[in-house]
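# Topology and contacts: notes
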Amino acid sequence: MEKINKMTKGTVAGIIANLVFVEVDGPVQQNEICYIDLEGTKLMAEVIKVNGTQAYVQVFESTRGLKVNHTVEFTGHMLEVTLGPGILSKNYDGLQNDLDKMDGVFLKRGEHTNPLEDDKKWEYKPIAKVGDVLEAGGWIGEVKENWMPHKIMVPFKFEGKYTVKSVTKAGEYTIHDTMAVVTDEKGKEINLTMIQKWPVKLAVKAYKEKPRPFKLLETGVRVIDTLNPIAEGGTGFIPGPFGTGKTVLQHALSKQAEADMIIVAACGERANEVVEIFTEFPELDDPRTGRKLMERTTIIANTSNMPVAAREASVYTAMTLGEYYRAMGLKVLLLADSTSRWAQALREMSNRMEELPGQDAFPMDLPAIISNFYSRAGFTYLNNGESGSITFIGTVSPAGGNLKEPVTESTKKAARCFYALSQQRADSKRYPAIDALESYSKYAEYPELQDYFRKNIDPDWPEKIALARDILIRSREVSEQINILGDDGVPVEYHNRFWKGEVIDFVICQQDAFDEVDRSASLDRQKYMLNRVLDIYHTNFSFESFEDVGTYFKRMINSMKQMNYAVYESDKYHDSEKELNSIIEERKTA
Amino acid sequence: METKAFQKIYTKITQITKATCSLKATGIGYEEMAIVHGRLAQVVKIMGEDVTLQIFSGTEGIPTNAEVVFLGRPPVLKVGEELSGRFFDAYGDPIDGRPAIEGEERQIGGPSVNPVRRKQPSEFIPTGIAGIDLNNALVTGQKIPFFADPDQPYNEIMAMVALRADADKIILGGMGLTNDDYLYYKNVFENAGALDRIISFVNTTENPPVERILVPDMALTAAEYFAVDKKQKVLVLLTDMTLYADALSIVSNRMDQIPSKDSMPGSLYSDLAKIYEKAVQFPDGGSITIIAVTTLSGGDITHAIPDNTGYITEGQLFLRKDTDIGKVVVDPFRSLSRLKQLVIGSKTRPDHPQVMNAAIRLYADAANAKTKQENGFDLTDYDERTLNFAKDYSNKLLAIDVNVEVDQMLETTWNLFGEHFSQVEVGIKQEFVDKHWPTENSSEV
Ligand SMILES: Nc1ncnc2c1ncn2[C@@H]1O[C@H](COP(=O)(O)OP(=O)(O)OP(=O)(O)O)[C@@H](O)[C@H]1O
Ligand SMILES: [Mg+2]
């Protein structure tokens, strides 16, 4: 990165909403951050285009009252986040301001707060030894952040190799203390503290390689894990009309998924939904660690009423925090709700700049922007042989609920899992409203993942999943015929086939996100249940008339739902299973 | 509005369009207000010395030598207790023949509440309407619109809800109200003896449509004064937000912006969110609840206005004429209050969630039976019973003319269950059935 010696200055020459034209007196870089001085209030802005001596900047705050000739100071760097211990459990805005440190009820323009704590002491333990040769992202030591080992690293911006000259001994230090001294290839000494900065728009590349994902990321949601599994380090997206359950599903994932750290980016959605996390997560237990969920969670809140330009920044800020924790060898789950709001922010700015519009007035390069962002997720092997991952799942809010719109289509090209929420399922309260058949996981077809399933779950798991999908497809087909021909216009066997699909729908696909037990199912439990429903599929039952079929299967479904609601292998669970077995015996034929 | 000594006055307009005037001026702040030829205007663009003003009431008849006075401030509202009982236009000027109020000037369209200073909404707002209280309970700090066809009595329903809700202040933001509807609201509030807790900002169909753009911000600035400064429970009624959005599209169209879906501006989502997100619950008891109306055209909720609204609000209340009973009902399938979980069963009786779900499920079975019937298939005995249940349920509960307490709604539903179904068919937790199943009925168990 070039060092600019004398900071460039400028003056405001024009204003259209949050697009400001600045006449500059020196060099500026694309995406450079500047501060506009509105009579003492410093408005943060980002360069998005340069034309001669005029820089076009998008202001992250309201420009009300701004005047021509107000002065502007450029900073010489792009939008950066500060990385160091203290990020966990924080509530940040899209620009990494700590919301809890802000004064008053209302957000004030130009108020920027410290994302970390200057004076807090951290319990430090060195990892590197004198003489070690490290690269960017190399671990020099660690502190305990909540319960997590937080690695102190050679800053990502460092190029080349660095030799450790001295390491600070174990003890309590602040983020600004020197934790190690390293020398670069020319022998220059550099002091390393616990913190570093990184520009959010650039991907952190401090790892050795990014293999194809090959492990399952357990989410506890059956219709995902069993039928449309997502891989650790994978990408997925959840499109759906309003009110179909995108946010409820993401909140469920943030509570249950097998990850070390969760980053929730509330991007242009409701403030009350963020308040729900603030309120509940400090109370809820993380079943894997027994600690509170908030201890592994960081929230980036840029809700719909907060400055529009910062929505874009918010998803990049979230991704960069994820990359930082991934470089510590952790499993990160990143959730963004909703990426459509970010795309809309891009659209507003593109229109203001009078760029040639693409479909639905979105910018032409929207697909490239989206796929570039998704590509930052992934499973990585670090330079020291450890591994870390970012699994990313975004929601998409398609206009009019129609999936043939630019954001959905661009995202479909970038993300490997597709979790389509259906209005019809939501209307009939079949939650989660994921349409198991419309949805897909490309990972389910990866040989790496199939091997993983065979080894870790069941030797025939891929075949079983395929069969379950098949049963659902056939059930849907006959249900259409029954609708056309009438209940008694089709053979009884059709009803049987229809209900065998309904068993899978009710017992595997549907899951109560608000029930203490049912909301999360272990892989073991999912395997057991899938085997049970496939057994039922393979069993022949005898029926005299179509009216018996529905009633009978409803009873079976009811016992299995009771099993889902009961603690795994508890007495209640076994009682319901006994009930199920005796129902099966009633009509079972050889 | 008077001109004051320090205000800058210009008399040379360089460009006039349908919505805007431009002139050369210096030292002008973005979004500053001005008076052009006696009409209120706001700065929407500054390019060097060229300043473009949007004239809210249109540019018809404005000459190039018109007087332009910059006011040196963004749009403001004077706030104070004296707002109570008063009627204002979109600019915050009185229309009730009484003098302007003295009070502190507040900028309208101010900043957002820091999300960490909010509290999770938790206070139930009973309205007496079962389609709302029973199936879609409202909570203070919520934002929710009625989705209604233009011929439905949404203004009457809003007025009724407002008067029954236990609010310290009711603030009406009327956009494109017909004069008759405006007078209707005025009368209803007067007759209810509630005028002292009502404040109205009204743009009628007789006023220029673009002025409407100011109404929600005026109403919500007043709301924030009472909710934040006075810690009061404020209910804001916004009717009709479709006409507000139409005004936005007129402006963006006249300013040659690229339209997105349904010729709405690309910023529609953000514009609407800025309004609706003013709904808030504060920890100290103050709150702003927003109930709005979004009129639909032909029931189409995929149109950009209801669609964007649905993505922003916490549910919607869908009004529908039930032809079987000839009354308007709150449709239980398409309506949703996303915050109801926070109060039902905890602030209301514990059987509430189960009773609600069971009734809706049986009502859905009735809808299926009806389709079967229409397609000429035979109905089973169960089908027949669901149809009878549906009719009673519509009449005694869903119809918007119902006005009872929640406990009564639950009792009525239990009675309908007992009348039409067996306990197994209703499928509610046994402990509730034991407690509430009607005894005087001879239904089989
Ligand atoms: N798994 C579920 N179990 C039970 N209810 C659910 C479930 N998912 C969604 N719901 C119901 O649907 C409502 C809307 O869900 P949610 O807020 O997640 O929708 P959304 O898709 O995020 O909508 P929007 O696009 O408007 O943000 C919830 O308030 C809840 O009542
Ligand atoms: Mg949502």
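Residue numbers run consecutively from 1 along every chain, following the written order of its sequence. Just so you know, chain letters begin at A and ligand numbers begin at 1, following the order they were written in. Since the coordinates come from a predicted model, pLDDT governs what is reported: local features require at least 70, and pairs of side-chain atoms require 80 or more to be given and counted, while whole-chain, interface and lining totals use all residues. The side-chain values count all of the structure's non-hydrogen atoms but skip hydrogen atoms and water molecules.

Time to look at empty space enclosed by the protein. All names here are of chain A. Note on definitions: the grid is 1 Å and covers protein atoms alone; a cavity is a set of points where a 1.4 Å probe fits but cannot get out; a pocket is an open set with protein on both sides within 12 Å along at least five of seven lines; lining residues have an atom within 4 Å of a point. Grid points are joined across faces, edges and corners, and a volume is the space filled by probe spheres set on the points. Counted according to the given criterion, the structure contains three cavities of 30 Å³ or more. Its boundaries defined by the atoms lining it, the largest cavity holds a volume of some 240 Å³. Its boundaries defined by the atoms lining it, the second largest cavity holds a volume of some 80 Å³. What lines the second largest cavity is simply Thr247, Gln250, His251, Val264, Ala265, Ala266, Glu273, Val274, Ile277 and Asp337. Helix and strand labels come from DSSP, where a helix needs a run of H or I of at least four residues and a strand needs a run of E of at least two; each type is numbered from the N terminus. Counting only elements with at least two residues in the lining of the second largest cavity, the list comes to helix H2 (246–256), strand S19 (261–267) and helix H3 (271–280).

Take the domain arrangement of chain B next. All names here are of chain B. For every domain, the bounds stem from an assignment made automatically or drawn from a database. Per the domain assignment, the segments making up chain B are domain 1 (9–70), domain 2 (76–340) and domain 3 (352–442). In this complex, domain 1 contributes eight residues to the contact, which on the side of domain 2 involves nine residues. For the pair domain 1 and domain 2, the summed buried surface comes to about 810 Å²; carbon and sulfur atoms form 74% of the total. The salt bridge criterion pairs a side-chain nitrogen of Lys or Arg with a carboxyl oxygen of Asp or Glu, the two atoms within 4 Å. Summed over the shared surface of domain 1 and domain 2, the number is zero salt bridges. Residues that form the side of domain 1 that touches domain 2 fall into these classes: four nonpolar, three polar and one charged. Whether two residues are in contact is decided by their heavy atoms: any pair within 4.5 Å suffices. Throughout, the accessible surface (probe 1.4 Å) given up by two parts as they are put together, summed over both, is called the buried area. Amino acids outside the nonpolar list (Ala, Val, Leu, Ile, Met, Phe, Trp, Tyr, Cys, Pro) and the charged list (Asp, Glu, Lys, Arg) are all regarded as polar, and Gly is one of them.

Before going further, it helps to spend a moment on the pairing of strand S16 (residues 233–239) of chain B. All names here are of chain B. With seven of its seven residues buried, S16 lies for the most part within the structure. Exposure classes here rest on a 1.4 Å probe applied to the protein chains alone. A residue is buried below 20% of its type maximum, exposed above 50%, and partly exposed in between. Judged by which residues are buried, S16 turns out to be covered on both faces: Lys233, Leu235, Leu237 and Thr239 on one side and Val234, Val236 and Leu238 on the other are all buried. Whether two strands pair depends on DSSP finding at least two bridges between them. Looking at chain direction, strand S14 (residues 169–177) and S16 are connected through six bridges and run parallel. Across the sheet, Ile170 pairs through a bridge with Leu235, a residue of S16. Examined bridge by bridge, S16 and strand S18 (residues 287–295) share six bridges and lie parallel to one another. Within S18, the residue paired with Leu235 across the bridge is Thr289.

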